[in-house]
Every structure is written in structure tokens, then in C-alpha cells.
Amino acid sequence: MTRDQIAEELPNLAESKLTALVVDDSFVNQTIHQKLLNRLGIENDVVTNGKEAVDVYCSGRNYDLILMDMDMPIMNGIQATKRLREMGIESKIAGVTTRANEGEKKEFMEAGLNDFQEKPLTISKLLSILHKLNFYVQT
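Residues numbered from 1 in each chain as written. Predicted model: local features only at pLDDT ≥ 70, side-chain atom pairs only at ≥ 80, totals over all residues. Heavy atoms only, no water.

Novice: Tell me what's going on with the overall build of the protein chain, and back it up with residues and numbers.
Specialist: The secondary structure content of the protein chain amounts to 6 helices and 5 strands. Along the protein chain, helices and strands appear, N-terminal first, in the series α-β-α-β-α-β-α-β-α-β-α. Within the protein chain, the fraction of its 139 residues that count as buried is 45%. When contacts within the protein chain are restricted to residue pairs at least 6 apart in sequence, those whose partners lie at least 24 apart make up 62%. (Helix = DSSP H or I, 4+ residues; strand = E, 2+ residues; numbered from the N terminus. Buried < 20%, exposed > 50% of the residue type's maximum accessible area, 1.4 Å probe, protein only. Contact = heavy atoms within 4.5 Å.)

Novice: Give a description of the UniProt feature "modified residue: 4-aspartylphosphate" (unreviewed entry) in the protein chain that names residues and reports values.
Specialist: UniProt's feature table lists "modified residue: 4-aspartylphosphate" (unreviewed entry) at Asp69, given in the numbering used throughout. On the secondary structure map, Asp69 appears in the loop between strand S3 (65-68) and helix H4 (77-86). (UniProt positions renumbered as here; feature names shortened; annotations may be inferred.)

Novice: If you had to explain the pattern of salt bridges to someone new, which residues and values would you point to?
Specialist: As enumerated under the stated definition, the model contains 8 salt bridges in all. Across the pair Glu43 and Arg61 runs a salt bridge, and its minimum N-O distance is 3.3 Å. Taken together, the positions of Glu43 in strand S2 (residues 43-47) and Arg61 in the loop between helix H3 (50-58) and S3 put the pair 18 residues apart, joining distant regions of the chain. Take Glu43: its relative accessible area is 48%, and that puts it in the partly exposed class. On the accessibility criterion, Arg61 (31% relative accessible area) is partly exposed. Between Asp115 and Lys132 there is a salt bridge; the shortest N-O distance is 3.2 Å. Taken together, the positions of Asp115 in strand S5 (residues 115-118) and Lys132 in helix H6 (residues 123-132) put the pair 17 residues apart, joining distant regions of the chain. Several salt bridges converge on common partners, so that one network encompasses Asp24, Asp69 and Lys119. (Salt bridge = Lys/Arg side-chain N within 4 Å of Asp/Glu carboxyl O.)

Novice: So what's going on with the packing of H3 against H4? Residues and values would help.
Specialist: What describes two packed helices is the angle between their axes and the distance between those same axes. The N-to-C vectors of H3 and H4 enclose an angle of 20°; their axes lie 8 Å apart at closest approach. Our classification of the angle between H3 and H4 gives roughly parallel. The two elements H3 and H4 meet at a crossing, and its hand is right-handed. Facing Gly50, Ala53, Val54 and Tyr57 of H3, the residues of H4 in contact are Ala80, Arg83 and Leu84. (Axes fitted to C-alpha atoms, helices over the stretch in contact; angles between N-to-C directions. Parallel < 35°, antiparallel > 145°, perpendicular 65-115°, else oblique. Left-handed = near helix turned anticlockwise from the far one by under 90°.)

Novice: Before we move on, can you summarise the side chain of Gln30 with the specific residues and values?
Specialist: Structurally, the position occupied by Gln30 is in helix H2 (residues 27-39). Aside from chain neighbours lying at most four places away, what touches Gln30 is Val22, Asp24, Asp25, Val46, Val47 and Thr48.

Novice: How would you explain the sheet that holds S3 if you had to name every residue and give the values?
Specialist: On the basis of which strands lie adjacent, the open sheet formed by 5 strands has the order S2-S1-S3-S4-S5 and parallel pairing. Pairing within the sheet leaves two strands with one partner each, and these edge strands are S2 and S5. Strand-to-strand twist of the sheet, defined as the mean angle between neighbouring strand axes without regard to direction, takes the value 20°. Two strands pair when backbone bridges link them, and strand S1 (residues 19-23) and S3 are joined in this way by 4 bridges, in the parallel orientation. (Pairing = 2+ DSSP bridges.)

Novice: So what about H3? Which residues, and what values?
Specialist: Where H3 is concerned, the buried positions are Gly50, Ala53, Val54, Val56 and Tyr57. Looking straight down H3, one finds that the buried residues subtend no more than 155° of arc, so they occupy a single side. Elements that come into contact with the buried residues of H3 comprise S1, S2, S3 and H4. Its side-chain oxygen placed 2.9 Å from the backbone nitrogen of Lys51, Asn49 serves as the N-cap of H3. The positive-phi residue at the C-terminal boundary of H3 is Gly60, with phi of around 105°. (Arc of directions from axis to C-beta. Polar contact = N/O pair within 3.5 Å; in protein donor to acceptor, adjacent residues only side chain to side chain.)

The following block contains the structure:
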């Protein structure tokens, strides 16, 4: 299968007006996540730590999906997820991290995640998140 054939099979969700917030302190991961979201037509913004994510919501901005890293400076993903849930934020939050021992994964999920994926995020993992969270039901 060629790259063009794969691109033709990807859904374009631009008409759905889905929005996503990428929360990750790694420029490389930010770039990968943004490119994947852009390929699916999902409008997205990036912040570099959990405090910035909380601040964005405090400023009145809202997103359908948050891709949340676990290990970040200032406020990590677990703390940020808990805080967002305490604020009543109902956005779907998917934890995306390289650290995935069972104890940490459980703590992250219990903080209020809707889904969890290990890095590196790929188009198939992103489609899995969207499918599980009922953003995109055709797989």
C-alpha cells in the first residue's frame, strides 16, 4: 500500500469541528501529536506542562480531547488531570506516556483519564483513542 492510498483511507474529521489540546514538554512529541491530529483534520493547540493546560481552561478555552503526557515539569499529567476533573472539565483525556508500569498507569487512570496509550503515538493509536471515546466510530 502506498503512502497516498493510506492517506486516502484516513478519515478527515475537519467537518466534525473536533478540537484537541496537546500537553507535552517534549518538542518532538508535540510535533508528532500535532502532525497526527492535523492529518485527521482536528484543530489543535499545544502547551508544555499541566499548569499551562489548567490555565488554558481557566481562560475559558475548551477542547473535545486532551492528549496528556504524564512526566512534565511544574505540574505533571496526573496532577493536571486531577485538577481539571476537580474543576468540572468534561473533555476526554487520553494519557500518552513512555512510562507505563502498572502502578503509575493505574494512578494516571484513577486521576480521571478516559483512555491510555503508550508512546510513541501513531495514527492507529490515535484512531483507537478516537474510536474508544466515541469521536470516530468507523474503524
